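Structure assessment
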Amino acid sequence: SKQQSLGNKLIFSTLPNERVSFQLGTASGPAALDAARVVVDDVRAIDVNMGCPVHFSTQGGMGSALLSRPEMVHDILRTLVSNLSPKPVTCKIRLLDEPHKTLELARLIWDCGVSALAVHVRRIADRPRHWAQWDQFVALRQHTPAHIPLVLNGGVFYPEDIPRAFELTNADSLM
């Protein structure tokens, strides 16, 4: 197995031929790049979590706190994409309160050169008990460039949900 450590503390470990995407929580392009460089040779892709609504993430300006900071989203993604190419860089977001704001954010993200975008189809304040807004995903799918995979996250709980999710949303993949 391949391991990365910091002093005596193990921070990351993989098995040979494992297909791992490494997700980062970050509020800084340079910090994201430093973290990604530690693992980049041992993973298939680097993913930036811009959807986590928990206090731990948002208090540090990470996760869903980034959704209202497009300049930081741009800085983080452009820094990673321009320095890690050809390694894929992806990210995950949540819906914003207004659909056109979600589309604006998605366009900014696509323009940064990401390889895929995952969308948790709930708003920041929503929890799993709230309805997953697949209709918002469908609207976003209609505007997504064909070369960018769009990944649906939310509302898929059982194996029988999978075919219905693909059929109703035209998602490229499910999370």
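Residues numbered from 1 in each chain as written. Predicted model: local features only at pLDDT ≥ 70, side-chain atom pairs only at ≥ 80, totals over all residues. Heavy atoms only, no water.

Examining the pairing of strand 5 (residues 89–95)
Counting buried positions along strand 5 yields seven of seven residues, so the element is predominantly enclosed. Relative to strand 5, strand 4 (residues 45–50) is paired through five bridges, and the arrangement is parallel. Counterpart to Val48 in the pairing with strand 5 is Cys91. Two strands pair when backbone bridges link them, and strand 5 and strand 6 (residues 116–123) are joined in this way by six bridges, in the parallel orientation. (Buried < 20%, exposed > 50% of the residue type's maximum accessible area, 1.4 Å probe, protein only. Helix = DSSP H or I, 4+ residues; strand = E, 2+ residues; numbered from the N terminus. Pairing = 2+ DSSP bridges.)

Quick word on the side chain of Thr90
As for its position among the elements, Thr90 is in strand 5. At 2.6 Å, the side chain of Thr90 forms a polar contact with the side chain of Asp47. Setting aside anything within four residues of it in sequence, one finds Thr90 in contact with Ile46, Asp47, Val48, Ser115 and Ala116. (Polar contact = N/O pair within 3.5 Å; in protein donor to acceptor, adjacent residues only side chain to side chain. Contact = heavy atoms within 4.5 Å.)

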